[in-house]
Amino acid sequence: MHIYDVSVPIGAHTPVYPGDPGIDIQPWKALANGDSANVSSLHFGAHTATHVDAPAHFINGGAGVANLPLDVLIGPARVVETPPEMKEIDHDFVSGLDLQSVTRLLFKTRNSSFWYESNETFRTDFTYLTHPAAELLIAKGIRLVGIDYLSIEKFKSERHETHLALLDNGIVILEGLNLSEVSGGDYELICLPLLVAAGAGDGAPARTVLRTLL
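Please read these numbers as outputs of a predicted model, since none were measured by experiment.

*Asks:* Looking at this structure, how should I read the environment of Leu 99?
*Replies:* You can see Leu 99 is positioned in the loop between helix H2 (91-95) and strand E7 (104-108). C-alpha separation for the pair Leu 99 and Arg 78, spaced 21 residues apart in sequence, amounts to 8.6 Å. Leave out the neighbours within four places in its chain, and Leu 99 touches Arg 78, Leu 105, Leu 137, Lys 140 and Ile 142.

See below:
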């Protein structure tokens, strides 16, 4: 059995979605300053790095991240690799996938290479899932869908149709994965978002790993 950490580290150079809070991690107490312990102050948005979107992210009155079902966040998952030139995961691509008995689906795209760029610039040309493709995943019974950048939807989408379709049907969205070291195939997903009980409950960062099944 091998464990792949597919989480993106949270640090000063981690890209953030434009308009979201920036990342600021500072020492609050420090042994070097004579304090009794090291304590850090963390400031960043709920949708930083690897994170989960809850229905409350786009649906007024929708369920918050604290109410997401753990049985969806842990269990068998399939990683599907897209062609390196693909910039949108469309209905035709999804319709060609064998998703029989699959309930958790992670897309490995060209996006995973973005995490190794030398600066924190957000890439607006990321590969995304189209609304028709999302509707097809709903019809196929998918309960969790993940992608390897900070949004599953096209940058500056005006109506957020992909998010709304998935979240309105109770599908958990997992964004900001780094699948560079993972090949397409079947794994066990373990994704545990922070148990954020305050605020809108719209989402939370999540340490996420994949384990081989053998």
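*Asks:* How should I be thinking about the nonpolar core in this particular structure?
*Replies:* The nonpolar side chains of a soluble globular protein tend to be buried, and buried together. Ile 89, Val 94, Phe 107, Leu 129, Leu 137, Val 145 and Leu 166 are the most contacted members of the largest nonpolar core, which has 24 residues in total. Those residues in contact with Leu 137, other than ones at most four positions away along the chain, are Val 94, Leu 99, Leu 105, Phe 107, Leu 129, Ile 142 and Val 145.

*Asks:* Looking at this structure, I do not really get the environment of Ser 95. What am I missing?
*Replies:* Position of Ser 95 among the secondary structure elements: in helix H2. C-alpha of Ser 95 to C-alpha of Ala 133: the two residues are 38 residues apart in sequence and 8.1 Å apart in space. At 2.8 Å, the side chain of Ser 95 and the backbone oxygen of Asp 92 are in polar contact.

*Asks:* Explain the packing of aromatic side chains to me, please; I cannot follow it from the model alone.
*Replies:* Both the distance between ring centres and the angle between the ring planes are used here to describe each pair of aromatic rings. Under the counting rule described, the total for this entry stands at nine aromatic pairs. Each ring, one from Phe 122 and one from Tyr 149, has its centre 5.4 Å from the other, and the planes form 40°; the classification is tilted. In this pair, Phe 122 sits in the loop between E7 and strand E8 (128-129) while Tyr 149 sits in the loop between strand E9 (144-147) and helix H4 (161-168), placing the two residues 27 residues apart along the sequence. The buried category is assigned to Phe 122, whose relative accessible area is 12%. Aromatic side chains Phe 122 and Phe 155 sit 5.7 Å apart centroid to centroid with 45° between the ring planes, which places their arrangement in the tilted category. Within this pair, whereas Phe 122 is found in the loop between E7 and E8, its partner Phe 155 is found in the loop between E9 and H4, the two being separated by 33 residues in sequence.

*Asks:* Please explain the pairing of strand E10 (residues 172-175) as it appears in this structure.
*Replies:* The two faces of the sheet receive side chains in turn, since in a regular strand these alternate between them. Because side chains alternate across E10, one face comprises the buried residues Val 172 and Leu 174, and the other comprises Ile 173 and Glu 175, equally buried. With three bridges joining them, strand E4 (residues 51-53) and E10 adopt antiparallel strand pairing. Paired with Asp 53 across the bridge in E10 is Ile 173. Alignment of E9 against E10, held across three bridges, turns out to be parallel. When the bridges of E10 are listed, Leu 144 appears paired with Val 172.

What counts, and at which threshold
- Residues numbered from 1 in each chain as written.
- Predicted model: local features only at pLDDT ≥ 70, side-chain atom pairs only at ≥ 80, totals over all residues.
- Heavy atoms only, no water.
- Helix = DSSP H or I, 4+ residues; strand = E, 2+ residues; numbered from the N terminus.
- Contact = heavy atoms within 4.5 Å.
- Core = buried A, V, L, I, M, F, W, Y, C linked by side-chain atoms within 4.5 Å.
- Buried < 20%, exposed > 50% of the residue type's maximum accessible area, 1.4 Å probe, protein only.
- Polar contact = N/O pair within 3.5 Å; in protein donor to acceptor, adjacent residues only side chain to side chain.
- Phe/Tyr/Trp six-rings, centres within 6.5 Å; stacked < 30°, edge-to-face > 60°.
- Pairing = 2+ DSSP bridges.

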